[in-house]
Amino acid sequence: MGNFHTTGVYGTTLAGEALPPLYILSTASQNENDYKVDPRVCEGLPVVTGRYGGARLMSYSSCVCVRKKGSMDTGLWHQYIRSVILPLYKGRIAQVAIRHSQTNHLLAGPLIIKTDGGPGRLSRECSSIEFRDEMAAMGVHIILSLPNGTACTAEMDQLFEKFKPACSKSA
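Residues numbered from 1 in each chain as written. Predicted model: local features only at pLDDT ≥ 70, side-chain atom pairs only at ≥ 80, totals over all residues. Heavy atoms only, no water.

**Remarks on unusual backbone geometry**
Point 1. With a phi close to 50°, tyrosine 52 is a non-glycine residue in the positive phi region.
Point 2. Look at asparagine 104: it is not a glycine, yet its phi comes out positive at around 65°.
Point 3. Here asparagine 104 shows up in the loop between β6 (98-99) and β7 (106-108). (Helix = DSSP H or I, 4+ residues; strand = E, 2+ residues; numbered from the N terminus.)

Below you can see the structure in the form of structure tokens.
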């Protein structure tokens, strides 16, 4: 078995609901068309449940992908937000708070995503700036925290640490 690197991307809502984790596996392949994942890697990964601003409880599986170094890049970060996070809040994201006229219940409002300053997030690349502008126009605000370099800023890594070795079987 080779030496594999796995990066875990974790998050929670302000209500304490876990967001679907993303596990990024490394590969030695030079060709993206050859990136493969052994389906056994997905066995036992977390399934998260939450309301995500809605009325019903919904369950979502973890996501798995492959990258050359097993780490986040700008394109993957954009894809994760668009394909995983935004659908959780479909119909409930707006630039300003929208409330029910009689109950004052929040129907839609801004979505705030706080992320560490790791690779791929909030980069200076033009596509990253355009992405942040696109998200802000929708009411999605991405905030940068400290880089994930110390245990004090890696709470989610600590909560999900038992799942990371499961992703190291094969990529």
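Back to the text.
**Thoughts on helix α1 (residues 74-88)**
Point 1. Taking 1.5 Å per residue as the helical rise, α1 with its 15 residues ought to reach 21 Å, and the 21 Å between its terminal C-alpha atoms agrees with that figure.
Point 2. In the structure, α1 departs most strongly from a straight axis at isoleucine 81, where the bend amounts to approximately 30°.
Point 3. Those residues of α1 that fall on the buried side of the exposure criterion are Thr74, Leu76, Trp77, His78, Tyr80, Ile81, Val84, Ile85, Leu86 and Leu88.
Point 4. At the N-terminal end of α1, a side-chain oxygen is found 3.2 Å from the backbone nitrogen of glycine 75, two or three residues along, and the residue is aspartate 73. (Expected span 1.5 Å × (residues − 1). Bend = angle between axes of the 7 residues up to and from the residue. Buried < 20%, exposed > 50% of the residue type's maximum accessible area, 1.4 Å probe, protein only. Polar contact = N/O pair within 3.5 Å; in protein donor to acceptor, adjacent residues only side chain to side chain.)

**What to know about the nonpolar core**
Point 1. One finds Leu22, Trp77, Tyr80, Ile81, Ile85 and Ile113 to be the most contacted residues of the largest nonpolar core, which totals 24 residues.
Point 2. For this core, the element with the most residues is α1, which contributes 8 residues.
Point 3. The contacts of isoleucine 85, once residues within four sequence positions are left out, are Leu19, Tyr80, Leu111 and Ile113. (Core = buried A, V, L, I, M, F, W, Y, C linked by side-chain atoms within 4.5 Å. Contact = heavy atoms within 4.5 Å.)

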